[in-house]
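If you want the building blocks of each chain, they are given just below.
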Amino acid sequence: MPRKKKPEWAVAIELRRTKLQLSQEIVAEKADMSQSYYSDIERGAKTLHSLTVGKLLGLARALHWTVAEMQRATGVDLGIAEASTVGEGSADVYPLSAALNPEHPGAAIDHEAVVAGIQQPLLLRMDTDEMYGTTPASIRPGDYLHVDRAHTSPEEGRVYVITDADGPHVRLYTTTRLGPVFRAENRQYEDIPAQEAQVVGLVAGVTSDYNPQLLN
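Residues numbered from 1 in each chain as written. Predicted model: local features only at pLDDT ≥ 70, side-chain atom pairs only at ≥ 80, totals over all residues. Heavy atoms only, no water.

Draft legend 1. View of the overall build of the chain. Helix and strand counts for the chain come out as 5 helices and 9 strands. Ordered by position from the N terminus, the helices and strands of the chain form the series α-α-α-α-α-β-β-β-β-β-β-β-β-β. Evaluated residue by residue, the chain yields a buried proportion of 45% over its 216 residues. Across the chain, every contact between residues at least 6 apart in sequence was considered, and the portion connecting residues at least 24 apart equals 57%. Accessible surface, the chain: about 12000 Å² in total, of which carbon and sulfur atoms supply 49%. (Helix = DSSP H or I, 4+ residues; strand = E, 2+ residues; numbered from the N terminus. Buried < 20%, exposed > 50% of the residue type's maximum accessible area, 1.4 Å probe, protein only. Contact = heavy atoms within 4.5 Å. Areas by Shrake-Rupley, 256 points an atom, 1.4 Å probe, with all protein chains shown as cover.)

See below:
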């Protein structure tokens, strides 16, 4: 009896693995699944639609894809909108370091619905405690920043992702007697003079998994 032909999406996954010169065991380990489970995916015995969100994200990371890239490569509709989606779509989430080169952000770490009204979304993870404090501007490490790259002209009292010689930062724009600066909520960090910074975009929203009740 002839072997059943593998679906094209499974062929695309196998080709990606072999192109990266990775064994099934390594991909399975990186995706946090058993080798037999991954083998079933590559054979087409398990469909991408049958995977949990966690396994889908793990598989994409193991193959050095974003979920959106995996969707394009396999031709399987995973319900993922492209990062260029405007408004109420969804986009890949990147480390804060992606602000240094937003046109080529690298590997995504998650996928998230985009806060409504953003014109040019860039979703970043807060990888610093610069803005962790007690005021309404406080942002916890690990929170997701919904950045609108359409807004790069700083306005008083608003929070922006910026870059300078030391790398990417998240800061509140304010005017002092010495001139405009980008100020950290965590006052252990020094102000950054506005003229030394490049604005990547406005932080138009923040999403978080933080639940204070878990601490009780």
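Draft legend 2. Structural context of the packing of aromatic side chains. Across all of its chains, the model carries 2 aromatic pairs by this definition. Measuring from ring centre to ring centre gives 6.3 Å for Y160 and F182, while their planes differ by 80°; the resulting arrangement is edge-to-face. With Y160 in strand β5 (residues 159–164) and F182 in strand β7 (residues 179–183), this residue pair connects regions lying 22 residues apart in the sequence. Of the residues examined, Y160 reaches a relative accessible area of 2% and is grouped as buried. Between Y173 and F182, the aromatic rings sit 5.3 Å apart at their centres with planes inclined by 55°, giving tilted as the arrangement. By the burial criterion, Y173 is buried, and F182 matches it. Within the aromatic cluster, the residues linked to one another by ring pairs are Y160, Y173 and F182. The ring of Y37 is capped by K55, whose NZ or CZ atom sits 5.2 Å from the centre of that ring. (Phe/Tyr/Trp six-rings, centres within 6.5 Å; stacked < 30°, edge-to-face > 60°. Lys NZ or Arg CZ within 6 Å of the ring centre and 35° of its normal.)

Draft legend 3. Structural detail: the confidence of the model for the chain. Across the chain, the average pLDDT comes to 86, with 90% of residues at 70 or higher. Here residues 211–216 is modelled with pLDDT under 50, and outside its nearest four sequence neighbours on either side it reaches 1 contact, counting other chains as well. (pLDDT = per-residue confidence, 0-100.)

Draft legend 4. Looking closely at the nonpolar core. Counting 24 residues, the largest nonpolar core has I13, Y38, I41, L48 and L59 as its most contacted members. Elements supplying a minimum of two residues to this core: α1 (8–19), α2 (24–30), α3 (35–43), α4 (53–62) and α5 (67–74). Here the element with the most residues in this core is α4; it accounts for 5 residues. When residues no more than four places from it in sequence are discounted, the contact partners of L59 are I13, V27, A31, Y38, I41, L48, L51 and M70. (Core = buried A, V, L, I, M, F, W, Y, C linked by side-chain atoms within 4.5 Å.)

Draft legend 5. Representation of the environment of G75 within the structure. Inspection of the secondary structure assignment puts G75 in the loop between α5 and β1 (90–95). With relative accessibility at 64%, the residue G75 sits in the exposed group. For the pair formed by G75 and W9, sequence separation is 66 residues and the distance between their alpha carbons is 6.4 Å.

Draft legend 6. Layout of the side chain of Q24. Positionally, Q24 belongs in helix α2. A distance of 2.6 Å separates the side chain of Q24 from the side chain of Q35, its partner in a polar contact. In contact with Q24, not counting residues within four places along its chain, are R17, Q35, Y38, S39 and E42. (Polar contact = N/O pair within 3.5 Å; in protein donor to acceptor, adjacent residues only side chain to side chain.)

Draft legend 7. Structural context of the pairing of strand β6 (residues 167–176). Note: β5 against β6, 6 bridges, orientation antiparallel. Considered in β6, the bridge of V161 is made with V170. The hairpin turn running from β5 into β6, its antiparallel successor, is 2 residues long. What sits between the antiparallel neighbours β6 and β7 is a turn of 2 residues. (Pairing = 2+ DSSP bridges.)

Draft legend 8. Fine view of α4. Within α4, the full set of buried residues consists of L56, L57, G58, L59, A60 and A62. Close packing links the buried residues of α4 with α1, α2, α3, α5 and β2 (110–113). Among the residues of α4, the N-terminal cap falls to T52, whose side-chain oxygen and the backbone nitrogen of K55 are separated by 3.2 Å. After α4 finishes, the residue H64 shows a positive phi value of roughly 60°.

Draft legend 9. Inspection of the sheet that holds strand β8 (residues 192–193) at higher detail. Spatial ordering of the open sheet is given by β2-β1-β3-β4-β9-β5-β6-β7-β8, a layout of 9 strands whose pairing is mixed. Sheet topology places β2 and β8 at the edges, where each strand pairs with a single neighbour. Across 3 bridges, β1 lies against strand β3 (residues 121–125) in parallel orientation. When the bridges of β3 are listed, Y94 appears paired with L124.

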